[in-house]
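# Notes for the structure review
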Amino acid sequence: MLSVTRPTPSHFGIYATDPDLLVDFYTRVFGLTQTDRGRGKTFPVDLIFLSASPDQHHQLVIAGGRPKEATFSTVMQISFVVPSIQSMREIRQSALAAGATKMRGLNHGNALSIYFSDPEGNTVEVYIDTPYYVAQPHGDPLDLEKSDEELMRETEAICRADPTFMPIDEWQARFAQPAPRA
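The following refers to the structure shown. It should be emphasised that the depicted structure is a prediction, and the values quoted were computed from it without experimental measurement.

At 3.6 residues per turn, the α-helix brings residues three or four places apart onto the same side. Counted at 1.5 Å a residue, the expected span for helix 2 (residues 85-97) with its 13 residues is 18 Å, and the 19 Å between its end C-alpha atoms agrees. Among the residues making up helix 2, those that are buried are Ile 85, Ser 87, Met 88, Arg 89, Ile 91 and Ala 95. Residues of helix 2 that are buried in the fold lie against helix 1 (19-30), strand 6 (101-107), strand 7 (111-117), strand 8 (123-129) and helix 3 (148-160). Downstream of helix 2 by one or two residues, Gly 99 has phi in the positive range, about 105 degrees.

A word on the side chain of Ser 117. When you line up the elements, Ser 117 lands in strand 7. With a relative accessible area of 7%, Ser 117 lands in the buried category.

Attention shifts here to the sheet that holds strand 3 (residues 46-51). As summarised here, the arrangement of the 4 strands in space is 1-4-3-2, forming an open sheet in which the pairing is mixed. The open sheet has two free edges, formed respectively by strand 1 (12-16) and strand 2 (33-39), since each of these has just one partner strand. Here the strands of the sheet are splayed against their neighbours by 20 degrees on average, with no regard to which way each runs. Helix 1 rests against strand 1, strand 2, strand 3 and strand 4 (60-64) of the sheet, and its axis sits at about 160 degrees to strand 4.

With 12 residues, helix 1 ought to run about 16 Å at 1.5 Å a step, and its terminal C-alpha atoms sit 16 Å apart, in line with that. What helix 1 keeps buried is the set Pro 19, Leu 22, Val 23, Phe 25, Tyr 26, Val 29 and Phe 30. Angularly, the buried residues of helix 1 cover 160 degrees about the axis, an arc narrow enough to put them on a single face. Phi turns positive, to about 70 degrees, at Gly 31, one or two residues after helix 1.

Attention now goes to the sheet that holds strand 7. The mixed open sheet is built from 5 strands, whose spatial order is 5-8-7-6-10. Looking along the sheet, the strands with just one partner apiece sit at the ends: strand 5 (78-81) and strand 10 (140-141). Bridge analysis of strand 6 against strand 10 gives 2 bridges, and the strand direction is antiparallel. If you follow Leu 106 over to strand 10, its bridge partner there is Pro 141. Along the sheet face, helix 2 touches strand 6, strand 7 and strand 8 and points at about 5 degrees away from the line of strand 7.

Tallied over the full model, the rule gives 9 salt bridges. The salt bridge partner of Asp 148 is Arg 89, with a shortest N-O separation of 2.7 Å. Here Asp 148 is found in helix 3, whereas its partner Arg 89 is found in helix 2, with 59 residues between them in sequence. One salt bridge connects Glu 156 with Arg 160, and the closest N-O pair in it is separated by 2.8 Å. Of this pair, Glu 156 and Arg 160 both sit in helix 3, 4 residues apart, which is roughly one turn of the helix. We classify Glu 156 as partly exposed; its relative accessible area is 28%.

Within this model, the largest pocket holds a volume of roughly 660 Å³. Lining the largest pocket are 22 residues, with Pro 9, Ser 10, Ser 79, Val 81 and Tyr 127 positioned closest to its centre. Put simply, the parts of the chain that give the lining of the largest pocket at least two residues each are strand 5 and strand 8. Among the elements that line the lining of the largest pocket, the one with the most residues is strand 5, at 3 residues. Here the lining of the largest pocket is built from residues that sort into 14 nonpolar, 6 polar and 2 charged.

Definitions and limits used
- Residues numbered from 1 in each chain as written.
- Predicted model: local features only at pLDDT ≥ 70, side-chain atom pairs only at ≥ 80, totals over all residues.
- Heavy atoms only, no water.
- Helix = DSSP H or I, 4+ residues; strand = E, 2+ residues; numbered from the N terminus.
- Expected span 1.5 Å × (residues − 1).
- Buried < 20%, exposed > 50% of the residue type's maximum accessible area, 1.4 Å probe, protein only.
- Contact = heavy atoms within 4.5 Å.
- Pairing = 2+ DSSP bridges.
- Axes fitted to C-alpha atoms, helices over the stretch in contact; angles between N-to-C directions.
- Arc of directions from axis to C-beta.
- Salt bridge = Lys/Arg side-chain N within 4 Å of Asp/Glu carboxyl O.
- 1 Å grid on protein atoms, 1.4 Å probe; cavity = no way out; pocket = protein on both sides within 12 Å on 5 of 7 lines; lining within 4 Å.
- Points joined across faces, edges and corners; volume = space filled by probe spheres on them.
- Nonpolar A, V, L, I, M, F, W, Y, C, P; charged D, E, K, R; others polar.

Encoded structure:
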């Protein structure tokens, strides 16, 4: 059971034209585990529940029913945090082998990210956080062929040159402060 102190995003669902195709993609690329599967009673579509954590029954739900004639996905992005830059490299390779397209990397200052389209055109982000804050949106090119050390040096230099820069712990302390009353 998750411990939360206020409403907290915890999982998301997406419609699929071919649910099994997406279940295969997300279990192969991200190692998610299928926790349940069935047809909804009040929501009469096939639902497949996936999770990366035994603490959460599901973090991603794949729902059948996306029309084949849908011209684009209304999902802005599906984001996965990973433990390291090397994990991003490995997922990039797995995703491309599993049919991902439109691969690109961005350095957001506060995070290093790769973005790609899954086999049904949904945008997927894979990222790691950095110890820095800069105002968003922010996006410089990210070249994962560089070493981890070089990427982190570049990121720190980019962030320190931004007038909104602060260490992430300072930003987190500000975030934790109660909002001033009007």
